[in-house]
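# Structural overview
If you want the building blocks of each chain, they are given just below.
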Amino acid sequence: MINAVSKQASPGHEALADPKRIPLTIRDLTVAYHRKPVIWDIDLSIPEGKLVSIVGPNGAGKSTLIKACLDLIPRSSGEVIIYGQSYEKERKRVGYVPQRESVDWDFPVSALDVVAMGTYAQLGWFRRVSKRSKALSMQALERVGLADYAHRQISQLSGGQQQRTFLARALVQDADIYFMDEPFAAVDAATERAIVELLKDLQRRGKTVLVVHHDLATVPQYFDWTVLLNMRVVAAGPTESVFTQENLRRTYGGKLTLLTQAANEIVKSR
Amino acid sequence: MLEFADIWNVLFLRDYNTRLVVICTMLLGCACGLMGGFLLLRKRSLMGDTLSHATLPGVGLAFMLAVALGGDGKSLPFLLSGAAITGVLGCWAVLLIRNHTRIKDDAAMGIVLSVFFGAGVAVLGMIQTMPEGSAAGLESFIYGKTASMVLSDFWILVLVTLCVLTGSLVLFKEFRLLCFDESFAASLGWPVKVLDVILLGLVTAVTVAGLQAVGLILIIAFLITPAAAARFWTNQLDRMLLLSALIGGASGWLGASLSAFYPRLPAGAVIVLVAAFVFLISMLIGSERGVLVRWLRQTQLKYRIGRQHLLRALYEILEAGRSDGELTIQAVPFRQVRGRRTWSDASLREYIRRAYDDGLLEVQNKEDSIRLTEAGLAEAAQVTRNHRLWELYLIEYADVATSRVDRDADMVEHVLGEQMVARLESQLQTYRSAGSLVPASPHPIVPGD
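Residues numbered from 1 in each chain as written. Chains lettered and ligands numbered in written order. Predicted model: local features only at pLDDT ≥ 70, side-chain atom pairs only at ≥ 80, totals over all residues.

Under an unreviewed UniProt entry, the name given to chain B is Iron chelate uptake ABC transporter family permease subunit, and the organism recorded is Thalassobacterium sedimentorum. Its UniProt record gives chain B the following Sequence similarities (unreviewed entry) comment, quoted word for word: "Belongs to the ABC-3 integral membrane protein family." (UniProt positions renumbered as here; feature names shortened; annotations may be inferred.)

An unreviewed UniProt entry annotates chain A as Metal ABC transporter ATP-binding protein of Thalassobacterium sedimentorum. Looking at chain A in UniProt, the text filed under Sequence similarities (unreviewed entry) is "Belongs to the ABC transporter superfamily."

So, in C-alpha cells, the structure goes:
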C-alpha cells in the first residue's frame, strides 16, 4: 500500500519504492568491445508494469544493453538488478526474445519445438520435453495466432510468423520482465498489430516489457515509457515527457534522418 | 574374378578376416553420423576438420614419449590419447585467436589446421630417423588403414559409440537448444560453454577413434556427409540424426566390404566415396529438400496457378459478355484469353492442354476457340470466387488499395485452402448474400481485346 502511494505521489522516484517491486535497475553499466566502449555509465530504473521502448540510432548500443542485462556479454563495470536481486537469482522471472536474424531458420525443428524451448529452464537437465510443456507451448502458439502452424518446419513460416513464434516462446517462459530485441523488425502490418496486442495484454497482467524499437513514429502510440539511448542514456521516463523534439535531436544528433524528422513532426502535432 | 559367395560372406560378416574391420567401420559410421549431425547444425564443420588435422602431432609426440619411457610406442590407447590432446589444443588455439584478436573464424582455423598438421608431419619425419621409428607405421593415421585394426580397436569403438549414443540421447534437448539458439540458451541459464565442451569432447572421441579407419584427412567427410545427406530427407532433428547414423553405418559397412575385395584401395577413401554417393542421391531425390522434389513442387504450383488463371480469365470473359441473369457457356476466342494476362502463347497452350486433359475445356476449330465444360464452369466460378473473397478481405482488413488489390490477391489465392476460404466467408458475410455465388469484382476488370 505504502509503496503504491509513494509511487503515485512521486513518479520517477523509485528509490523510495520497495526494491523488490522494481523490475530492472541498472547502475554504472559500461560495456566495451575491443577496448572501445559501446555503452557508457548507464543508470536506469524501470518501474513495474511499463511497456518500455529503447530507442536510438544504429550503433547506439540498444542490443548491447539488453545483452548485458542478460549476462550474454561481459560487462566492463556496473551491475544489473532484477527485482532487487542479481540476474542469476531472478533468472526465472526474465524472458528474452532475441533478434530474429540471430538464428538459422533452416534448422530442422517445428514451430512447436521452438516454443517448447521456453520451458526448458523449468524442465531442467536431461528431462525430455513433457506433455505439459507441449500443451503450454500449444497454448502460447494459439495466443499469437499460430496454432495451425505448430507442426510446420520453421523455414516454412513467413518472417512475421517466425517473429510470433519467438514471442510465443517468450510467453511460455511466463516471466515477469521481458527483453525483446527488435520484435517489430521487418514484420507485416498484421503481425505488428498482433504483437502490439500481445504487449498490451502482457502489460495488463502486470508484466514489464523492454523493447528495442526502430520506428520512432509508433513510439508514443505503443509505449508508455521510453529510454533514449546513444551510448549513454540521453533521457528516460514516461514517453510523453521524454519523447520530445529536443531529446530526439540530442539522441540522433547529426544522424537525424528524414524518418526521424517525420517523427518529430508527429511529436509536434501531438 | 570375384565369387558371389565371397561377397556374400564379407557383407554378412561370415568372413573371419574382414568381420572385425567391417563391424568396426560400421560402428564408427554410426557414431560419426550422429555427432556429425550436431556438428553440422552447430556450424562447426570446419572446427571438426581443424580438430582432426591437429591430432597428428599428438600421435607422433605420444610415440616419442612412449619410446623415451622404454616402451615400443605402439600402444594404441596411448597414441590416441596424444591425438586427442593436441586435437583439443588445436580447437582451443582457434578459440583463443578468435576471441583475443580480430582475426575471424575461418582464418584462425586455416592457420591452426595447417600449422598443427605441418608440425605433425615434421614430428613424423623425426620419428623416421629414430631406430625404433621405421616400423611404427604412424603414416596410417593420415590416410587410415582399416586392415590394421585389431580387437582392441573394436573395444575402443564400442566404448566411443556407447558414449556418443548416451550423450546424444540424454542431452538431446540441450544440444538442440545449443545448436539452434545459443544466446537464448544462455539467457535461460544453461551453461553454454559446458555444453559446447561436452559436444566437442564427443566429437573428439569419434574423430580420434576414427583415425585408424579413415585417417585424419578424411574423417571430417565421414562426420559431415551422412548428416548433410540425411537433412534432405527430413525436417525433424531426431529423425535426421537417426538417419544420419544409419547412413554413416551403412557407408562404413559397404565401404569396408568393398575395400576388402580391392586391398589396394584405401578403405577410408572408399567409405567416404560411398557416403558421398548416398549424399548425391539424397540431394537429388531427398523427400523433403531434394532438388527433384523441389523442382516438382514448383512445377506443380506453376501449373496449378496457370490453370486457375486460365479458368478465371474465361469466367470473367463470360461474365462481361452476359446480358443479364445466368452465366451461359460460350466459346471464347483464343486471342481474347491471350489478351487477359501477360502469358506466353506456349505456356497458355500448355495450360489449355492440361485443362482439356482434365475435362474442364472443350477445344474447337483447331484451338482457335475454347469452351468451358460444365465441370470447368463450376471450377472457374469457385476459383473466381476465392480470388474476389480474398480481394475483399485485403481491402477490408489489410488496407490494400483497390487499384492494386488484384495483383496482391493473385499471389495468395492459389494457396488458399478450404479452411481459409471458409474463414474468409465468415469474415465477409455481407458479401456472401450478394445474390450470386461469386461476388462482384471490387475493381473494374480490364477487358481483353
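### Examining the overall build of chain A
Secondary structure assignment for chain A yields twelve helices and ten strands. When the 270 residues of chain A are sorted by exposure, 40% land in the buried category. Across chain A, contacts joining residues at least 24 apart in sequence account for 67% of those joining residues at least 6 apart. (Helix = DSSP H or I, 4+ residues; strand = E, 2+ residues; numbered from the N terminus. Buried ≥ 20, exposed ≤ 12 C-beta atoms within 10 Å, placed from the backbone. Contact = placed C-beta atoms within 7 Å.)

### Digging into the overall build of chain B
Scanning chain B from N- to C-terminus turns up 20 helices and three strands. Restricting to contacts in chain B with at least 6 residues of sequence separation, those with at least 24 account for 72%.

### Quick look at the environment of A260 of chain B
Examined against the element boundaries, A260 of chain B turns out to sit in helix α12 (residues 237-261). Separated by 242 residues in the primary sequence, A260 of chain B and T18 of chain B place their C-alpha atoms 6.9 Å from one another.

### Quick word on the nonpolar core
In this structure, V52, V115 and Y178 of chain A together with A31, M35, V206 and F222 of chain B are the most contacted members of the largest nonpolar core, which totals 168 residues. Here this core gets 23 residues from one element, more than from any other, and that element is helix α11 (residues 192-231) of chain B. Among all residues touching V52 of chain A, those that are not within four sequence positions of it are I46, V209, L210, V211, F223, W225, T226 and V227 of chain A. One finds L311, L314, L372 and A381 of chain B within the second-largest nonpolar core, a separate group that totals 18 residues. (Core = buried A, V, L, I, M, F, W, Y, C linked by C-beta atoms within 7 Å.)

### With respect to the sheet that holds strand β3 (residues 369-372) of chain B
Neighbouring strands of a sheet are bound in pairs by backbone hydrogen bonds; such pairs are parallel or else antiparallel. Residues and elements named next belong to chain B. Taken in spatial order, the three strands line up as β1-β3-β2 in an open sheet, and their pairing is antiparallel. The open sheet terminates on both sides in strands that have one partner only, identified here as β1 (332-333) and β2 (361-364). Direction of pairing for β2 relative to β3: antiparallel, over a ladder of four bridges. Looking across to β3, one finds that V363 is bridged to I370. With respect to the sheet, helix α16 (residues 345-357) is in contact with β2 and β3, its orientation differing from that of β2 by roughly 120°. (Pairing = 2+ DSSP bridges. Axes fitted to C-alpha atoms, helices over the stretch in contact; angles between N-to-C directions.)

### Regarding the environment of F154 of chain B
Along the chain, the position of F154 of chain B falls in helix α8 (residues 151-170). Other than its neighbours up to four places away in sequence, F154 of chain B contacts L20, I23 and C24 of chain B.

### Overview of helix α6 (residues 105-129) of chain B
Residue and element names in this part refer to chain B. If you check α6, its first and last C-alpha atoms are 37 Å apart, about what 25 residues at 1.5 Å a residue would give, namely 36 Å. Of all the positions in α6, only A108, M109, V112, L113, F116, F117, G120, V123, L124 and I127 are classed as buried. If you follow the buried residues of α6, they end up packed against α3 (45-53), α4 (55-68) and α5 (76-100). (Expected span 1.5 Å × (residues − 1).)

### Structural notes on helix α6 (residues 131-143) of chain A
All names here are of chain A. Taking 1.5 Å as the rise per residue, α6 with 13 residues should run 18 Å; its terminal C-alpha atoms sit 18 Å apart, in good agreement. Residues of α6 that are buried: S133, S137, A140 and L141. Projected onto a plane normal to the axis of α6, the buried residues spread over an arc of 100° and lie on a single side. Of the residues in α6, the exposed ones pointing more than 90 degrees away from the buried face are K131, R132 and A135. (Arc of directions from axis to C-beta.)

### Describing the environment of T146 of chain B
Residues and elements named next belong to chain B. Structurally, the position occupied by T146 is in the loop between α7 (140-143) and α8. Separated by 94 residues in sequence, T146 and M240 place their C-alpha atoms 28 Å apart. If we ignore the near neighbours within four places in the chain, the residues touching T146 are V21, T25, A213, A256, S259 and A267.

### Digging into the confidence of the model for chain A
Residue and element names in this part refer to chain A. Overall, the predicted model of chain A reaches an average pLDDT of 87, with 87% of residues at or above 70. Confidence, read as mean pLDDT per element, is least for helix α1 (residues 2-9) in chain A (40) and greatest for strand β8 (residues 208-212) (97). Counting contacts from residues 1-15, a segment whose pLDDT is below 50, to residues more than four positions away or on other chains yields eleven contacts. (pLDDT = per-residue confidence, 0-100.)

### Things to note about the packing of α3 of chain B against α6 of chain B
Residue and element names in this part refer to chain B. α6 packs onto α3 with a crossing angle of 20° between their chain directions and a minimal axis gap of 8 Å. By the angle between their axes, α3 is roughly parallel relative to α6. Viewed along their axes, α3 and α6 form a crossing whose handedness is left-handed. Residues L46, M47, D49, T50 and H53 of α3 pack against M109, V112, L113, F116 and F117 of α6. Partitioned by chemical class, the residues of the contact of α3 with α6 number seven nonpolar, two polar and one charged. (Parallel < 35°, antiparallel > 145°, perpendicular 65-115°, else oblique. Left-handed = near helix turned anticlockwise from the far one by under 90°. Nonpolar A, V, L, I, M, F, W, Y, C, P; charged D, E, K, R; others polar.)

### Considerations on the interface of chain A and chain B
Opposite the 19 residues of chain A that make contact, chain B presents 20 residues. Looking at the side of chain A that touches chain B, the elements with two or more residues in it are α5 (120-123) and α8 (189-204) of chain A. Here the side of chain A that touches chain B is built from residues that sort into 15 nonpolar, two polar and two charged.

### Digging into unusual backbone geometry
All names here are of chain A. Look at D41: it is not a glycine, yet its phi comes out positive at around 40°. With respect to the helices, strands and loops of the structure, D41 is situated in strand β2 (residues 36-46). A tally of 15 C-beta atoms within 10 Å means that D41 is categorised as partly exposed. The residue M231 is not glycine, and still its phi comes out positive at about 65°.

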